[in-house]
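Summary of the model geometry
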Amino acid sequence: MPAIINFKICDNAKECSGIAICPTKAMHYDEEKQTIVIDKDKCTSCGLCRPECPIGAIQVGRTDEEYQQCQKEIAEDPRTIKDLFVDRYGASPIFEFFMINNDQLDEKIQNENITLIEVYNPIEAQCLLKSIPIKDLTDEMERDVQYYKLVPSDDVKIKYAINELPSLLIFRAGDLLGMIKGYYNIEQIDEMKSLVKGFTKNLS
Ligand code: SF4
C-alpha cells in the first residue's frame, strides 16, 4: 500500500523532507498540479518518509487494514492548516504586528497587565511546526497578556542580562518579573506554562 499524506495539516511544500528521502521518487512534487503526490506504483511502503514529517502528516500502512486505519485517522483529525500557522515561541514570526523594535520596548512593557517579550535570533529560528503556539502558552492565564517578538540589541541584552536566545521576558508595569531562558518545543508546553505561571501567580 502507498504512503498517504494528511493534507489537512500538510503545508504542501516542495521542500518536503519526505520527498528528499524517498528512494524510489514515489513521493514527488507535481509542478502542474502544484501539490505533493505519491505514485502508488513506485511506493514500496518502506516507511522512510514517515518520520521525516515533523507533525506526522505522512502515514504509511503496509497492509489493507493498516492503510484503512491511516485513512480513518486522517478523516478524524480535527486539525487544519490554519491551526499550524500561528506565532510560536522560538520560530519565525508569522504576523508582523507581533514584532517590535528595540526603541518600542520601554513603551510596550509599561502595561498594567502581563507583557511577554520573546527575544530571539532570526538566524536560529526553530521549526515552526515543532514550536509552542503562543496562544496555547497564554490561554490559561487569568490576566490579559500582551505578547511581542523582538530581536534584541546589545544594549537590551546587557540591560536585562539576556545571555541565551530565545528567551521569554515577563513584564508587568515596567518591572521584569522573570525570564525563561532557552527554547522549549511543543512537547515541553506544560513545563513552559508552569514556569510562566510561577512568575505571575502572586500578582494582585
Ligand atoms: S513509503 Fe518509501 S517509497 Fe513510499 S513514498 Fe515513503 S519513502 Fe517513498
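See the structure printed just above.
Residues numbered from 1 in each chain as written. Predicted model: local features only at pLDDT ≥ 70, side-chain atom pairs only at ≥ 80, totals over all residues. Heavy atoms only, no water.

1. With respect to the overall build of the chain
Counting secondary structure elements, the chain contains seven helices and nine strands. Computed over its C-alpha atoms, the radius of gyration of the chain comes to 21 Å, more than 25% above the 17 Å expected for a compact globule of 204 residues. If one aligns the C-alpha atoms of the chain with their principal axes, the spans along those axes are about 60 × 30 × 25 Å. Here the chain holds 204 residues, and the buried ones make up 42% of them. In the chain, once contacts between residues fewer than 6 apart in sequence are set aside, the share between residues at least 24 apart is 68%. (Helix = DSSP H or I, 4+ residues; strand = E, 2+ residues; numbered from the N terminus. Rg over C-alpha atoms; globule rule 2.2 N^0.38 Å. Buried < 20%, exposed > 50% of the residue type's maximum accessible area, 1.4 Å probe, protein only. Contact = heavy atoms within 4.5 Å.)

2. What about the pairing of strand S8 (residues 167–172)?
For S8, a buried count of six out of six residues is recorded, marking the element as mostly surrounded by other parts of the structure. By the alternation rule, side chains of S8 split into Ser167, Leu169 and Phe171 and Leu168, Ile170 and Arg172, which are all buried. Bridging between strand S6 (residues 114–119) and S8 involves six bridges; their strand directions are antiparallel. Counted as the bridge partner of Ile117 is Leu169 from S8. Alignment of S8 against strand S9 (residues 175–181), held across six bridges, turns out to be antiparallel. Bridge pairing in S9 places Ile170 opposite Gly178. Count of turn residues in the S8/S9 antiparallel hairpin: two residues, of which Ala173 carries a positive phi of about 50 degrees. (Pairing = 2+ DSSP bridges.)

3. Notes on the pattern of salt bridges
Per the counting criterion, the structure on display carries seven salt bridges. With a shortest N-O distance of 3.4 Å, Lys72 and Glu76 are connected by a salt bridge. Note that Lys72 and Glu76 are positioned in helix H2 (residues 64–76) at a spacing of four residues, about one turn of the helix. You can call Glu76 exposed: its relative accessible area is 53%. One salt bridge in this structure joins Asp77 and Arg79, with 3.2 Å as the shortest N-O distance. (Salt bridge = Lys/Arg side-chain N within 4 Å of Asp/Glu carboxyl O.)

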